[in-house]
Amino acid sequence: MAVNPVFAFFKVTLKEEIHKDRLPHHMAIIMDGNGRWAKQRGMIRAFGHEKGTKAVREVVEGAAELGIEYLTLYAFSTENWNRPKLEVKTLMKLLVSSLKKEIATLQENNIRLSMIGNLDALPSQAKKELLEVMDKTKNNNRMTLTLALSYGSREEITKALKDISLKVKNNIISPENIDDSVIIEHLYTQNLPDVDLLIRTSGEQRISNFLLWQIAYAELYFTEVLWPDFTKDHLYKAILNYQQRERRFGKTSEQIN
Ligand code: IPE
Ligand code: IPE
Ligand code: MG
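Please read these numbers as outputs of a predicted model, since none were measured by experiment.

Student: How would you sum up the overall build of the chain? Please name residues and give values.
Tutor: Across its full length, the chain carries 10 helices and six strands. What you see for the chain is a C-alpha radius of gyration of 20 Å, in line with the 18 Å of a compact globule of 257 residues. Here the chain holds 257 residues, and 44% of them are scored as buried. Long-range pairs, those at least 24 residues apart, make up 77% of the contacts in the chain between residues at least 6 apart in sequence. Within the structure as shown, the chain displays about 14,500 Å² of accessible surface, and the carbon and sulfur contribution to it stands at 53%. A distance of 6 Å separates the average location of the 36 positive side-chain charges in the chain from that of its 33 negative side-chain charges.

Next comes the structure, spelled out in structure tokens:
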């Protein structure tokens, strides 16, 4: 059926339905399902990872256009090192080529790149490229894009505990003064606010060692869409769903309204 052009003109897009004053400040995404996406097409997993980089571009651009301040993407976990060697190698190569390719887009869109995770665990080429892009974009201030690479939340918390213990031992901090803010200062995410909205694609409903401390009060959104198929419209749907929720932070609904 042909769409009446008058109605088409007035059709409100998903993007227009989003309330700009109630955006999540910090949105984090567990980008999952690359392997299954490729398998469904009879291709090797690497194709799924490659196609996944296009979804990354969509979401980074979409988030920046909306005015999201912080976007954090789970790209490689500490557990992902246990994948077949060839797949790990492919992922690291893809990281390097994407960084080389996307630096211009980051600059044009005034986006700052940062990373969380164990930088030293990455292959030297990936580390070098990352440091370079982070340095070149360090003064950009429209959105902070954080890549979680060789990231594990338990490792992050363990490291924080060790660092704090050492400061206690050296009389820099006294145990009575350890509070939330001291712990936050010792996490990789020290410069990021708490996560407001956490999205996971591919139908899995688990956290997989991602930002355990930082999602204490995040709204969780799970979608069946496989990561390579994820578009700006899927992003808008997730944000619209988030905006329908009442975040009570332990209070009653009456207190909120
Ligand atoms: C996410 O897709 C990418 C990484 C974890 C690096 P997967 O590779 O986990 O894809 P599935 O879950 O096997 O489909
Ligand atoms: C989580 O995905 C890590 C990333 C998206 C980088 P996985 O596919 O590794 O998660 P599990 O192991 O299936 O939970
Ligand atoms: Mg997976």
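Student: For the site of ligand 1, give the residues involved together with the corresponding values.
Tutor: With respect to spatial proximity, the complete set of residues near ligand 1 consists of M31, D32, G33, N34, G35, R36, R45, H49, A75, N80, R83 and L91. In the model, an oxygen atom of ligand 1 is placed 2.8 Å from a nitrogen or oxygen of the D32 side chain. Contact distances for ligand 1 include 2.8 Å between an oxygen atom and a side-chain N or O atom of R45. For ligand 1, the accessible surface in isolation is 370 Å², of which the surrounding protein chains cover 86%. The pocket occupied by ligand 1, as judged from atoms lying within 2 Å of grid points, is the largest pocket.

Student: I'd like a description of the environment of D135, backed by residues and values.
Tutor: Mapped onto the elements of the fold, D135 is located in helix α6 (residues 124-136). With relative accessibility at 46%, the residue D135 sits in the partly exposed group.

Student: Residue-level account of helix α4 (residues 45-66), with values.
Tutor: With 22 residues, α4 should cover 32 Å at 1.5 Å per step; its first-to-last C-alpha distance of 32 Å lies within 8% of that length. G48, H49, G52, A55, V59, V60, G62, A63, A64 and L66 are the residues of α4 that are buried.

Student: Can you explain the site of ligand 2? Please cite residues and give values.
Tutor: Surveying the vicinity of ligand 2 reveals the residues I30, M31, D32, Y74, A75, F76, N80, R83, R200, R206 and S208. Between ligand 2 and R83 there is a distance of 3.2 Å, counted from an oxygen atom to a side-chain nitrogen or oxygen. Interatomic distance of 3.3 Å between a side-chain N/O atom of R200 and an oxygen atom of ligand 2. Relative to its unbound accessible surface of 390 Å², ligand 2 loses 79% to contact with the protein.

Student: Pulling in residues and values, what's your account of the layout of surface pockets?
Tutor: Within this model, the largest pocket holds a volume of roughly 1,000 Å³. Secondary-structure elements contributing two or more residues to the lining of the largest pocket are α3 (34-40), α4, β2 (70-77), α5 (85-108), β3 (111-116) and β4 (143-151). A total of 10 residues in the lining of the largest pocket trace back to one element, the largest contributor, which is α5. Of the residues contributing to the lining of the largest pocket, the split by class is 20 nonpolar, 13 polar and 12 charged. Within this model, the second largest pocket holds a volume of roughly 230 Å³. Lining of the second largest pocket is provided by Y70, R112, S114, M115, I116, T144, L187, Y188, T189, Q190, N191 and L192. A per-element tally of the lining of the second largest pocket places β3 first, with four residues. Among the residues forming the lining of the second largest pocket, the class breakdown is six nonpolar, five polar and one charged.

Student: Hey, could you go over the packing of α4 against α5 for me, with residue numbers and the actual values?
Tutor: Between α4 and α5, whose axes approach to 10 Å, the crossing angle comes to 30 degrees. By the angle between their axes, α4 is roughly parallel relative to α5. In the packing of α4 onto α5, the handedness of the crossing is right-handed. Contacts from R45, A46, H49, E50, T53 and R57 of α4 reach α5 at E87, T90, L91, L94, S98, K101 and E102. Partitioning the contact of α4 with α5 into residue classes produces three nonpolar, four polar and six charged.

Student: Can you break down the pairing of strand β6 (residues 219-222) residue by residue, with the values?
Tutor: Judged by which residues are buried, β6 turns out to be one-sided: E219 and Y221 face inward and are buried, whereas L220 and F222, on the alternate face, are not. Where strand β5 (residues 197-200) meets β6, four bridges bridge the pair, whose relative direction is parallel. Bridging across to β6, L198 finds its partner in L220.

The rules behind the values
Residues numbered from 1 in each chain as written. Chains lettered and ligands numbered in written order. Predicted model: local features only at pLDDT ≥ 70, side-chain atom pairs only at ≥ 80, totals over all residues. Heavy atoms only, no water. Helix = DSSP H or I, 4+ residues; strand = E, 2+ residues; numbered from the N terminus. Rg over C-alpha atoms; globule rule 2.2 N^0.38 Å. Buried < 20%, exposed > 50% of the residue type's maximum accessible area, 1.4 Å probe, protein only. Contact = heavy atoms within 4.5 Å. Areas by Shrake-Rupley, 256 points an atom, 1.4 Å probe, with all protein chains shown as cover. Lys, Arg positive; Asp, Glu negative; His and termini not counted. Charge placed at Lys NZ, Arg CZ, Asp CG, Glu CD. Near = heavy atom within 4 Å. Polar contact = N/O pair within 3.5 Å; in protein donor to acceptor, adjacent residues only side chain to side chain. 1 Å grid on protein atoms, 1.4 Å probe; cavity = no way out; pocket = protein on both sides within 12 Å on 5 of 7 lines; lining within 4 Å. Sits in = over half its atoms within 2 Å of the grid points. Expected span 1.5 Å × (residues − 1). Points joined across faces, edges and corners; volume = space filled by probe spheres on them. Nonpolar A, V, L, I, M, F, W, Y, C, P; charged D, E, K, R; others polar. Axes fitted to C-alpha atoms, helices over the stretch in contact; angles between N-to-C directions. Parallel < 35°, antiparallel > 145°, perpendicular 65-115°, else oblique. Left-handed = near helix turned anticlockwise from the far one by under 90°. Pairing = 2+ DSSP bridges.

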